[in-house]
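Residues per chain are reported as follows:
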Amino acid sequence: MWTTFLARALAIGISLPLAMGIGGATTPRPVVIQQSLYAALQKAETFAEQGEFRQAVAYADFVLNPRVLRVRLDLSGVVTSQRADAEAAVVKAAKAWEDSLGNEVEIRFVTGGVSAVRIGFRSDLKVWGADAAGHLVWSRNVVQIGDDYSAQVSADMTLRTLSPGGRCLTLDNMTHAALHEFGHVFGLNDSHWVGDIMGPQDLNRPITKISERELTPLREVRREAQSIVHLAEWVESSATLFAPR
Ligand SMILES: [Zn+2]
């Protein structure tokens, strides 16, 4: 096959109930960001220093995610009476993430073709044996095709529709869960703070707004990645301007 997976860049994750510690970085980094984003950023910087801008941009894109994130919504696991809320929750979460990222990413719902994210529903859901409001399995990697490099992301999201006691989860319950799982797609880790989008959900007090505490570090790491993309574009245009005569 003409596709080569760069094993070093491969990052696979599943959502965990608690924040996991990160180590190995020389600079202290906030735990809310997935370590693989910093690792990709470091590779992007190294490639840029070496003048390998295609690789540098691919690793920066690993951090930035696709500009258009194609999402396929599968409502078959939801009872008819709850479908409107289930769909509204996902649409609301997608819009909140687009707004929070300054519309740098478009979350586009598609019914056919290739999609990076699949979202399904289940009446009950357990992660590591514990009741969970949502679950995400994702992978992010840099792929080489010939001389070209690109970042790819794929994720499978499951959202829960019934409480452990069997009552229908509300629009806000499902919105919190969808916001949380999209947070993993964009590179956030679990938090142990009840009150954070990335924290455990209190079903009586779901959170429907992403906190600045969570957004600021994500915006910072994205700015760093964007500066590498801009540098690559600048060098490319300069190389043309100052081509040897
Ligand atoms: Zn999680």
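In short, a report on the structure. Here the structure is a predicted model, which means the values were calculated and not measured.

Points about the nonpolar core
In step 1: Grouped together as the largest cluster of nonpolar side chains are 60 residues, with contacts concentrated most on Ala44, Ala56, Tyr59, Ala60, Val63 and Ala178.
In step 2: Here the element with the most residues in this core is helix 2 (residues 53-64); it accounts for nine residues.
In step 3: In contact with Val63, not counting residues within four places along its chain, are Leu37, Ala40, Leu41, Gly187, Val221, Arg222 and Ala225.

Structural notes on the environment of Gly77
In step 1: Tracing the backbone through its elements, the reader meets Gly77 in the loop between strand 3 (68-73) and helix 3 (83-100).
In step 2: Look at Gly77 and you get partly exposed, because 14 C-beta atoms sit within 10 Å.
In step 3: C-alpha separation for the pair Gly77 and Arg122, spaced 45 residues apart in sequence, amounts to 5.5 Å.
In step 4: When sequence neighbours within four positions are dropped, the list of residues in contact with Gly77 reads Gly120, Phe121 and Arg122.

Focus on helix 4 (residues 171-186)
In step 1: For helix 4, which comprises 16 residues, the first-to-last C-alpha distance of 22 Å matches the rise-based estimate of 22 Å (1.5 Å per residue) to within 8%.
In step 2: Taken across its 16 residues, helix 4 has 14 buried, putting it largely inside the fold.
In step 3: Just past helix 4, the residue Gly187 takes up positive phi, approximately 115 degrees.

Things to note about the pairing of strand 4 (residues 106-110)
In step 1: As paired strands, strand 3 and strand 4 are joined by five bridges and run parallel to one another. Counterpart to Val68 in the pairing with strand 4 is Glu106.
In step 2: After leaving strand 3, the chain enters helix 3 and then returns to the sheet as strand 4, a path that is right-handed.

Rules behind the numbers
- Residues numbered from 1 in each chain as written.
- Predicted model: local features only at pLDDT ≥ 70, side-chain atom pairs only at ≥ 80, totals over all residues.
- Core = buried A, V, L, I, M, F, W, Y, C linked by C-beta atoms within 7 Å.
- Buried ≥ 20, exposed ≤ 12 C-beta atoms within 10 Å, placed from the backbone.
- Helix = DSSP H or I, 4+ residues; strand = E, 2+ residues; numbered from the N terminus.
- Contact = placed C-beta atoms within 7 Å.
- Expected span 1.5 Å × (residues − 1).
- Pairing = 2+ DSSP bridges.
- Right-handed = clockwise from strand over helix to strand, strands pointing away.

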